[in-house]
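# A structural walkthrough
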Amino acid sequence: MKRTLLGLLFTGLILSAGVYTYLREPDLVPDVSTVTVSTGDIVDTVGATGALEAVTTVQVGSQVSGKIEELHADFNSIVRADEVIARLEPSLFETQVEQARANLIRAEADLDRLTVSLEDARTKLTRAEGLSARDLIPASELEAAQVELRSAEAQLRSSNAQMTQAQASLNQAQVNLEHTIITAPIDGIVISRSVDVGQTVAASMSAPILFLLAADLTKMKVNANIDESDVGRIRPGQVVTFRVDAYPEEEFQGQVSQVRLEPIVVENVVTYATQIDVPNNDLKLKPGMTATVTLEIARRDGAIRIPNAALRFRPTDDMFAALNMPAPEPAGRGRGGRTPGTETAAAAEGGGPPSGGSGAGQGGGDAGGRQQIRERFQNMSEEERAAARQRFQAEGGGRGGGAAAEPGDRAGRRNRAAPVDAVPATERGATTIDALFGPLATPESQAQVWIFSGNELKPTMLTLGVSDGAYTELLGPEVPPGTELVTNITMTEGAPSRPTGATSSPLIPQRGRRR
């Protein structure tokens, strides 16, 4: 009896432990992650970097070689047009002017001497002609007088050319002397000074740069390099915001003025220079600053926003099984495992006419009808086959043609407009190519989201617009703000299936089932 009681007690303890273990085993429940439809601004942007520059920058150089004698401008100096900003040592050029002037005086004296010689030759020829008319001198003396006159005239013309050359040399020497005085070509600000007093500049091959002037620092530009994948969305007039390291908390604005056609290739990366006009009335921005640019492509204020995480969600069969839901059939499949449009192509095999009636989409039921059509077509004569082909094509049964091929549009066959002759860009009446860029098309696309309601996933097709990478504009149908869209479903350990009272530890987090 005692052994029986002990056995019953031991069996009861084992059953109690099993029941307790069963009651304490946590359930695996689906954890549904959702995001909320909201209202806000959506801005589609393109990012780039660029450098600030003055709108007009002029390099001031020296056209002659020499030593810097004076400097009348320094860094940050404000100068006016024709103001003297530097002088070169002029003694060498003054000597060249004096030498050229002396050469001119000598040429003028030679011209006067040859003019007198010409008058003398003319007088001698007149006298010789008179004496020859009376046969007082031989004919050879008359010919000698004529030759002397022509020689004097040639010498006079040569002297005239030499005098012109001497005058030109004098003018050149005077111009070189004037070039020793360096003046500002425009009103502006000295950004850079490259020489000092006493330094020698050599202008043998190219003009050395002495100063760099900026015309107006209240108007600047940013030259940004736009990647080739984004340049198709850039248009003149678009709003631009940018920041510089000197003022990290301040945002500056500008506007796109030009998209240059010249590609910039660096390590097989192609970019295009885009010029952005920037006002700088407070003179905070300085040439050479690096700007982090954000170009605004499209903007929607107060739009209904769909989080992009919900657009990327694709439920799997395991997720539907965890929710005790049947997995939906893949979209786009017809009966018999055939996608729409394949029946039309199959009916056209062998050049025969399509099967009439409701054969499209019937699956294997069409095989017999098509086989009969093929046999009938093979039993026709050549004339009957040609007539059948013509009748078949006239009814639109050919591949890719007519109304019978319209179900195959999903395979990519669409009616396209006939190409027209393009008008050359130079004949469209525009002064720059930027004016010929067409407006950007309004983005519109279709996407599917999933709504978790009543422990069920419900798909909804949406028409979407502008996206900023995090949110996408909703065009339709209307989804009220606050609607929760599914982004993920995971299996987690839930709370115990039975309440456990005080045995639960307050230090262990309890995860309940998400409803």
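See the structure above.
Thresholds applied
Residues numbered from 1 in each chain as written. Predicted model: local features only at pLDDT ≥ 70, side-chain atom pairs only at ≥ 80, totals over all residues. Heavy atoms only, no water. Helix = DSSP H or I, 4+ residues; strand = E, 2+ residues; numbered from the N terminus. Buried < 20%, exposed > 50% of the residue type's maximum accessible area, 1.4 Å probe, protein only. Patch = residues over 30% accessible without salt bridge, like charges linked within 9 Å, V, L, I, M, F, W, Y side chains within 5 Å. Areas by Shrake-Rupley, 256 points an atom, 1.4 Å probe, with all protein chains shown as cover. Salt bridge = Lys/Arg side-chain N within 4 Å of Asp/Glu carboxyl O. Phe/Tyr/Trp six-rings, centres within 6.5 Å; stacked < 30°, edge-to-face > 60°. Expected span 1.5 Å × (residues − 1). Contact = heavy atoms within 4.5 Å. Core = buried A, V, L, I, M, F, W, Y, C linked by side-chain atoms within 4.5 Å.

What follows covers the environment of Asp31. Turning to its location among the elements, Asp31 is positioned in strand β1 (residues 26-36). Residue class for Asp31 comes out partly exposed when judged on its relative accessible area of 27%. Expressed as a C-alpha distance, the spacing of Asp31 and Ile489, which sit 458 residues apart in the sequence, is 5.5 Å.

On to a nonpolar patch on the surface. Residues Leu6, Leu9 and Leu13 make up a contiguous nonpolar surface patch of about 320 Å² in total accessible area. Checked against the element boundaries, Leu13 lands in helix α1 (residues 2-24). A residue is classified by how much of its surface remains accessible, and Leu13, at 54% relative accessible area, is exposed.

For the coordinates displayed, the defined rule picks out three aromatic pairs. On the basis of an interplanar angle of 25° and a centroid distance of 5.6 Å, the ring pair of Phe242 and Phe252 is categorised as stacked. Of this pair, Phe242 sits in strand β12 (residues 239-244) while Phe252 sits in strand β13 (residues 247-266), placing them 10 residues apart in sequence.

Turning to helix α2 (residues 91-133), a few remarks are in order. Helical periodicity: at 3.6 residues per turn, an α-helix aligns residues three or four positions apart in one direction. When the terminal C-alpha atoms of α2 are compared, their 63 Å separation across 43 residues agrees well with the 63 Å that a helix rising 1.5 Å per residue should span. Within the span of α2, buried status applies to Phe93, Val97, Ala100, Leu104, Ala107, Leu111, Leu114, Leu118, Ala121, Leu125, Ala128 and Ser132. Elements that come into contact with the buried residues of α2 comprise α3 (139-178). Looking one or two residues past α2, Asp135 carries a phi angle of roughly 60°, positive in sign.

Counting residues in each nonpolar core, the largest one holds 23 residues, and the members touching the most others are Val222, Phe242, Val244, Ile276, Leu285, Val293 and Leu295. Where this core is concerned, the elements lending two or more residues are β2 (38-54), β11 (219-227), β12, β13, β14 (269-279) and β15 (290-307). Residues contacting Val293, with those up to four places away along its chain left out, are Val46, Gly47, Ala48, Val222, Ala224, Val240, Thr241, Phe242 and Ile276. In terms of nonpolar packing, the next biggest core, distinct from the first, is built from 17 residues, Val60, Val64, Ala86 and Ile182 among them.

Mapping Arg80 onto the fold places it in the loop between β5 (78-79) and β6 (84-88). On the basis of relative accessibility, which here comes to 52%, the residue Arg80 falls in the exposed class. For the pair Arg80 and Gly188, spaced 108 residues apart in sequence, the C-alpha to C-alpha distance is 6.5 Å. Contact partners of Arg80, with chain neighbours within four places excluded, come to Ala184, Ile186 and Asp187.

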